[in-house]
Amino acid sequence: VQLQASGGGLVQAGDSLRLSCAGSGRTLSDYDMGWFRQAPGKEREFVAGISWSGGHIEYGISVLGRFLISRDNARNTVDLQMNSLKPEDTAVYYCAARLKGMARYDYWGQGTLVTVSS
């Protein structure tokens, strides 16, 4: 499967932004999906994950209550709605996929940059 993330940009603190990840080559309904981010000089951080059916969702502690992950298997997309953005949310955001039942995310998109100004 190939993943293409989009929707990044420059916003102000408190604004909202919606990222989208489009899959191609294989249906995303075969995969659990996740969003990760990496800020300059920092390690990659888990942001949110959603199971292949959408029945299980989890969030990283730093975005809990502000970000929402969703998926549309018919459109082969996974979105990340980001609300109440903070400067510390500035990072390159990546979508990733792992086959059902697997522990590791093996498929990664190219990343989209989100910059939040104060």
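Right, let's walk through the structure included here. The model shown is predicted, which means the values in this text are computed figures rather than measured ones.

## Some details on the state of the cysteines
Consideration 1: In the structure shown here, the tally under the stated rule is one disulfide.
Consideration 2: Across the disulfide, Cys-21 is cross-linked to Cys-95 (sulfur-sulfur distance 2.2 Å). Around the S-S axis, the bridge from Cys-21 to Cys-95 shows a dihedral of about 60° and counts as right-handed. In this pair, Cys-21 is assigned in strand β3 (residues 17-24) and Cys-95 in strand β9 (residues 91-99), connecting sequence segments 74 residues apart. Side by side, Cys-21 and Cys-95 carry an identical accessibility label, which is buried.

## Some words on the pairing of strand β8 (residues 77-82)
Consideration 1: β8 sits mainly inside the fold: six of its six residues count as buried.
Consideration 2: Here β8 shows a buried face lined by Thr-77, Asp-79 and Gln-81 and a second buried face lined by Val-78, Leu-80 and Met-82.
Consideration 3: Where β3 meets β8, six bridges bridge the pair, whose relative direction is antiparallel. Within β8, the position partnered with Cys-21 by the bridge is Val-78.
Consideration 4: Summarising the sheet, strand β7 (residues 67-72) and β8 pair through six bridges and their orientation is antiparallel. By the bridge assignment, Arg-71 is partnered in β8 with Val-78.
Consideration 5: Adjacent in sequence and paired antiparallel, β7 and β8 are bridged by four residues, among which Asn-76 carries a positive phi angle near 60°.

## Here we look at the side chain of Asp-32
Consideration 1: The residue Asp-32 is located in strand β4 (residues 31-38) in this model.
Consideration 2: One polar contact links the side chain of Asp-32 to the main-chain amide nitrogen of Trp-52, over a distance of 2.8 Å.
Consideration 3: Residue contacts for Asp-32: discarding those within four places in its chain leaves Ile-50, Ser-51, Trp-52, Arg-71, Ala-96, Ala-97, Arg-98 and Tyr-105.

## Description of the sheet that holds β8
Consideration 1: With antiparallel pairing, the four strands of this open sheet are ordered in space as β1-β3-β8-β7. Strands at the two margins of the open sheet, each flanked by one partner only, are β1 (2-6) and β7. The average undirected angle you get between the axes of adjacent strands in this sheet is 15°.
Consideration 2: As defined by bridge partners, β1 adjoins β3 across five bridges and the pair is classed as antiparallel. Residue pairing across strands places Leu-3 opposite Gly-23, the latter belonging to β3.

## Considerations on the nonpolar core
Consideration 1: The biggest cluster of nonpolar side chains holds 28 residues, and the ones touching the most others in it are Met-33, Trp-35, Leu-80, Met-82 and Tyr-93.
Consideration 2: Sorting the residues of this core by element identifies β1, β3, β4, β5 (45-50), β7, β8, β9 and β11 (112-117) as the ones contributing at least two each.
Consideration 3: Ranked by residue count, the leading element in this core is β9, at four residues.
Consideration 4: Contact partners of Leu-80, with chain neighbours within four places excluded, come to Leu-17, Arg-18, Leu-19, Trp-35, Val-47, Ala-48, Phe-67, Leu-68, Ile-69 and Tyr-93.

Criteria and thresholds
- Residues numbered from 1 in each chain as written.
- Predicted model: local features only at pLDDT ≥ 70, side-chain atom pairs only at ≥ 80, totals over all residues.
- Heavy atoms only, no water.
- Disulfide = S-S within 2.5 Å.
- Helix = DSSP H or I, 4+ residues; strand = E, 2+ residues; numbered from the N terminus.
- Buried < 20%, exposed > 50% of the residue type's maximum accessible area, 1.4 Å probe, protein only.
- Pairing = 2+ DSSP bridges.
- Polar contact = N/O pair within 3.5 Å; in protein donor to acceptor, adjacent residues only side chain to side chain.
- Contact = heavy atoms within 4.5 Å.
- Axes fitted to C-alpha atoms, helices over the stretch in contact; angles between N-to-C directions.
- Core = buried A, V, L, I, M, F, W, Y, C linked by side-chain atoms within 4.5 Å.

Interpretation note: all reported values are geometric properties and have no functional meaning in isolation.
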